[in-house]
Amino acid sequence: MTSVDFEHLTAAEARTHRTEVEDIYRGAYVDAIRAGAPFADPVAFMQRFDAYTAPNRPGEFEQIIVSISGRPVGQVWGWSLSKETAWWNGLQLDEPQGHDDFTAEDGTRTFALSELMVKKDMTGRGLARTLHNSVLRSRPEQRATLLVRPDNTRAYQTYLRWGWYRVGRLRPGWPDAPQFDVLIHDLRQ
């Protein structure tokens, strides 16, 4: 019998699962890693993970790891955007009026869904959708945001089907970061 388990983690707890986090990443981003893009490099990815889960980082971090028969196969994580967030730095809104209002954060307005991934050999089973819904269902914020590469057609179309919509684009401040489209999802529905 196959067991499916979901483990909810705080930032401190997530840091104790670094090996699993990297293993899931390597299994989910096989093609991007093989292509050699610096931003996709597992070392760079884990440096971002460490920064996201740093003890002094503002915002409530949440991670969910899904395991099948004891094997970690997928994960999702994000955090609430605090007043001091750098998330919106460089944002180019499609409708530029209201930029300051759109990016105003107080720790309760926006949840940043930073990562959602399932190992390549486990895709097509609804795990990504289940992780997505599980993390968003429990969030008290008004809205969620995520970044998606415009050329990642499969993920992009999936997010649109799940109720996300584009509001602009930005390039995060990480070294070698690509340009992303910024999507928003209303959590008050």
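About the thresholds
Residue numbers restart at each chain and count upward from 1, following the sequence in its written direction. With the structure being a predicted model, the display of local features is reserved for residues of pLDDT at least 70 and the display and counting of side-chain atom pairs for 80 or more, all residues being used for whole-chain, interface and lining totals. With hydrogens and water set aside, each side-chain value is computed from the structure's full complement of heavy atoms. Strand pairing is assigned whenever DSSP identifies at least 2 bridges connecting the two strands. A run of H or I in DSSP counts as a helix once it spans at least four residues, and a run of E counts as a strand once it spans at least two, with each numbered from the N terminus. For every residue, the accessible area (1.4 Å probe, protein chains only) is compared with the maximum for its type, and the residue is labelled buried under 20%, exposed over 50%, or partly exposed between those bounds. We define a polar contact as two N or O atoms separated by no more than 3.5 Å, with the added condition that, inside protein, one atom must be a possible hydrogen donor and the other a possible acceptor, whereas residues neighbouring each other in sequence contribute only through side-chain atom pairs. When checking whether two residues touch, look at their non-hydrogen atoms; a contact exists if any pair is within 4.5 Å. Here an axis means a line fitted to C-alpha atoms, over the contact stretch when the element is a helix, while the angle between two N-to-C directions is reported on a 0 to 180 degree scale. By arc we mean the arc of the directions from the helix axis to the C-beta atoms, nothing more.

(A) Spatial organisation of the pairing of strand E7 (residues 165-170). Relative to E7, strand E4 (residues 92-93) runs antiparallel, the two being bridged by two bridges. Across the sheet, the residue bridging to Gln92 is Arg169, located in E7. Alignment of E7 against strand E8 (residues 180-186), held across five bridges, turns out to be antiparallel. Within the sheet, the bridge partner assigned to Arg169 lies in E8 and is Asp181.

(B) Geometry of the side chain of Thr53. Residue placement: Thr53 occurs in the loop between helix H4 (42-52) and strand E2 (61-68). Classification of Thr53 as buried rests on a relative accessible area of 1%. A distance of 3.0 Å separates polar atoms of two side chains, one belonging to Thr53 and the other to Arg15. Among the polar contacts made by the side chain of Thr53, one reaches the main-chain carbonyl oxygen of Phe49 at a distance of 2.9 Å. Excluding anything up to four places from it in sequence, Thr53 contacts Ala11, Ala14, Arg15 and Phe61.

(C) How the structure looks around unusual backbone geometry. Of note in the backbone geometry, Ser69 takes a positive phi value of approximately 50° without being a glycine. Within the secondary structure, Ser69 sits in the loop between E2 and strand E3 (71-80). Residue classification places Ser69 among the partly exposed residues on the basis of a relative accessible area of 48%. Although it is not a glycine, Asp176 sits at a positive phi angle of roughly 65°. Within the secondary structure, Asp176 sits in the loop between E7 and E8.

(D) Spatial organisation of the sheet that holds strand E1 (residues 4-9). The strand order across the open sheet built from eight strands is E1-E2-E3-E5-E6-E8-E7-E4, with neighbouring strands paired in mixed fashion. Looking at which strands have only one partner, the edges of the open sheet turn out to be E1 and E4. Bridging between E2 and E3 involves eight bridges; their strand directions are antiparallel. Pairing of Ile68 across the sheet is with Arg71, part of E3. Where helix H2 (residues 18-28) meets the sheet, its contacts fall on E2, E3 and strand E5 (110-118), and the angle it forms with E3 comes to roughly 105°.

(E) Structural context of helix H7 (residues 153-161). If you check which residues of H7 are buried, you get Tyr156, Thr158 and Tyr159. Projected down its long axis, H7 shows its buried positions confined to an angular sector of 165°, all on one face. Every exposed residue of H7 that faces more than 90 degrees away from the buried side is listed here: Arg154 and Arg161. Structurally, H7 contributes buried residues whose contacts are with E5, strand E6 (143-148), E7 and E8. A positive phi of about 100° marks Gly163, the residue just after H7.

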